[in-house]
Amino acid sequence: MPMSTLPAAILSHMIAINNVPPPPLRSIPSLKMSKHINYGQLNALCHIRGLQHSQSFLNIGSAHNTFMKQYPKIFLHKKPTLPKTFKQEKQRKPKGNVEDSQYQDPDDSHDIAVHIRKARGGQDLHGPKVSPEKIAEFLTILKKLPVHRTTHEHNIVWKMLKTIPDLNSRLNREHLKTISKNLISETWIKGSTVTGNDGFYIILKGVARLQPQFCNNLVGGRDSAVGYKPQTFSSFVIFEDLRSSEIAKLCSSLRDSKLGQWSTFGSLETELEPQSFSVVTEEECEILKIPAKEYAKLKLEMIKHENVQKFKLIHKCPYYEEWPTLSINELVALIKWKKFPPGHVIVESGNIMSFVAYINSGYCNIYRSIIGLVRLQTNKVKKIPKLVYMGRLKEKESFGEISVLLQDPFPCTIITGKEVEMAIIEDKDIFELDQVTKQLMLQTAKPTFGHLTDERNLSA
């Protein structure tokens, strides 16, 4: 008789289960010892006599009292940590030789040049504090030709030069950035005489001493001392009102004065006497030179570029487009740049302007001063002065010509809408112009505010 399918399936499943091997044995996880329990005290607590097997009530009470006294000892308590007391560490003395660190002279207290510079609010003789790594990188870059330097290296040279106060006091930001792209350091061996009459010199490495002939020229005559300019020798300052004896004392101190790292000498002026500023190197020195002729060329190029901007500004103003080039150049030579903050009153109605203005950037609002009539609650009328907005002066527009040339009160009030940069010509310079240029300015300016000169009956 055939077997049913369901018992057959159950039988085969039971057989399969019996053939499956048992699962592998697993180890019991080890217990972690608590960090907050003293297990030695816990073991002693568990073995107190009379706690488990006692025959009298007295033994039970004694065991209980012992248990309660020892029970708190099984718990570990952290020791309280007190705040540390601050101890001021002594400042370490910098290690290394003079070449790797800033030059330090133990005789600074007796150096008159240091005291003179500090009294005048200047920097000390040793210049800015820069890490030896940056100085080494700076010297390495200056050894390269400017054409072989990357943009990043040019920026490093510029940033380092900006840290020298004596250099920043002579060059503005743009001049310094332009000059920094063409500088190369020079190496001078020990005992060399460096004459500073053809440029401005900066000692980057090493020590030098003032040339004695320089002091002899000062002591030799009063005229030489008077003609000496403090700006031409950055590390030393001599006042013009010193007597001969005082100059002699000062020179005796200067002979012993040393020029260390970041000290400067020489001048950016091209007209200097030979042997005016000389130093003698006492060891091998790295000196950076800014030639006076190169600086003169740079100034000339900057002046030309600025004059081109002034010329374009005037030429683009309304009614100046037909002016001859020669007449515009006469105005360019007299222009000065000036900035005004927002809300600044350039001129008030009824006042005479002190300059002629050409707006380079920003704008100015024009207001007309009128007398307004206000009706009061008592059916009376009161006069109140008001400013009525009339228009706006935008970039490449001018004003003030008629008021300055004819000395007429300005017909309206001019207030800056935002920061405004103007090219201005002062009234004293306008009066010195020739008659042809003055007449051209009058004819140019008449249409600008001609509609504002008519009297109007305005009321609020």
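The residue count restarts for each chain, going from 1 along the sequence in the order it is written. Where totals are concerned, whole chains, interfaces and linings use all residues; where local detail is concerned, this predicted model gives features only for residues with pLDDT of at least 70, and gives and counts side-chain atom pairs only at 80 or more. The side-chain figures draw on all heavy atoms in the structure; neither hydrogens nor water molecules are used.

Colleague: Describe the overall build of the protein, listing the residues and the values that go with them.
Modeller: Here a helix means four or more residues in a row that DSSP labels H or I, a strand means two or more in a row labelled E, and each is numbered from the N terminus. Summing up its helical and strand segments, the protein has 16 helices and 16 strands in all. The buried share among the 460 residues of the protein stands at 34%. Element-wise, carbon and sulfur atoms account for 55% of the exposed surface of the protein, whose accessible area totals about 30300 Å². Any residue under 20% of the maximum accessible area for its type is buried, any over 50% is exposed, and the rest in between are partly exposed; the area is computed with a 1.4 Å probe on protein chains only. Each accessible area is a Shrake-Rupley result for a 1.4 Å probe, and residues are judged covered by the shown protein chains and nothing else.

Colleague: Report on the nonpolar core, specifying residues and quantitative values.
Modeller: One finds L331, Y358, F399, I414, M422 and M441 to be the most contacted residues of the largest nonpolar core, which totals 36 residues. Among the elements of the structure, α12 (292-316), α13 (325-332), β10 (345-347), β11 (355-361), β12 (364-375), α14 (401-406), β16 (420-426) and α16 (435-449) are those that each provide at least two residues to this core. Think of a nonpolar core as a cluster: buried Ala, Val, Leu, Ile, Met, Phe, Trp, Tyr and Cys residues, connected wherever their side-chain atoms sit within 4.5 Å. Formed by 26 residues, the second largest nonpolar core is a distinct cluster that contains L142, I156, W158 and I179.

Colleague: Give me the lowdown on the side chain of S192, citing residues and values where you can.
Modeller: By the element assignment, S192 lies in the loop between β1 (185-188) and β2 (193-195). Look at S192 and you get buried, because its relative accessible area is 14%. A polar contact is formed between the side chain of S192 and the backbone oxygen of I189, at a distance of 2.9 Å. N or O atoms within 3.5 Å of each other form a polar contact, as long as, within protein, one can give a hydrogen and the other can take it, and as long as residues adjacent in sequence are counted only when both atoms are side-chain atoms.

Colleague: So, the pairing of strand β8 (residues 285-291): which residues are in play, and what are the values?
Modeller: For β8, the tally of buried residues reaches six of seven residues, placing the bulk of the element in the interior. Two strands pair when backbone bridges link them, and β1 and β8 are joined in this way by four bridges, in the antiparallel orientation. Across the sheet, residue W188 finds its bridge partner in β8, namely C285. Bridging between strand β3 (residues 199-205) and β8 involves six bridges; their strand directions are antiparallel. When DSSP locates at least two bridges between a pair of strands, those strands are taken to pair.

Colleague: Describe the packing of α12 against α13, naming the residues involved and giving the relevant values.
Modeller: Orientation is described by lines fitted to C-alpha atoms, with helices fitted over the stretch in contact, and by angles between N-to-C directions that extend from 0 to 180 degrees. Across the interface, α12 lies against α13 with an axial gap of 9 Å and an inter-helix angle of 120 degrees. Classified by the interaxial angle, the pair formed by α12 and α13 is oblique. In the packing of α12 onto α13, the handedness of the crossing is right-handed. Residues N307, K310, F311, I314 and H315 of α12 pack against T325, I328, N329, L331 and V332 of α13. Any residue that is not Ala, Val, Leu, Ile, Met, Phe, Trp, Tyr, Cys, Pro, Asp, Glu, Lys or Arg is counted as polar, Gly included; the first ten are nonpolar and the last four charged. Residue composition of the contact of α12 with α13, grouped by class: five nonpolar, four polar and one charged. If an angle is under 35 degrees, it is roughly parallel; if it is over 145, roughly antiparallel; if it lies from 65 to 115, roughly perpendicular; otherwise it is oblique. Throughout, a crossing is termed right-handed when the near helix is turned clockwise from the far one, and left-handed when it is turned anticlockwise from it by less than a right angle. Any pair of residues with heavy atoms lying within 4.5 Å of one another is described as a contacting pair.

Colleague: Describe the sheet that holds strand β6 (residues 264-266), and please don't skip the residues or the numbers.
Modeller: The strand order β1-β8-β3-β6 describes an open sheet built from four strands, whose pairing is antiparallel. Here the strands that pair on one side only, and so sit at the sheet edges, are β1 and β6. Averaged over all pairs of adjacent strands, the angle between strand axes in this sheet comes to 30 degrees, irrespective of strand direction. The sheet contact formed by β3 and β6 spans three bridges and is antiparallel. Considered in β6, the bridge of I202 is made with T264. Lying over the sheet, helix α5 (residues 132-143) contacts β1, β3 and β8, oriented at roughly 130 degrees with respect to β3. The strands touched by α12 within the sheet are β3 and β8, with β8 carrying the most contacts at an inclination of about 35 degrees.

Colleague: Pulling in residues and values, what's your account of the packing of aromatic side chains?
Modeller: Only centres within 6.5 Å qualify two rings of Phe, Tyr or Trp (six-membered ring in Trp) as a pair; their planes then separate them into stacked at under 30 degrees, edge-to-face at over 60, and tilted for everything else. Taken as a whole, this structure holds seven aromatic pairs when the rule is applied. Here the aromatic rings of Y320 and Y358 are separated by 5.5 Å at their centres, their planes lie at 75 degrees, and the arrangement is edge-to-face. Taken together, the residues span a long stretch of sequence, with Y320 in the loop between α12 and α13 and Y358 in strand β11 at a distance of 38 residues. Residue classification places Y320 among the buried residues on the basis of a relative accessible area of 0%. Exposure remark for Y358: the relative accessible area of 0% places this residue in the buried category.

What is shown is where atoms sit, not what they do.
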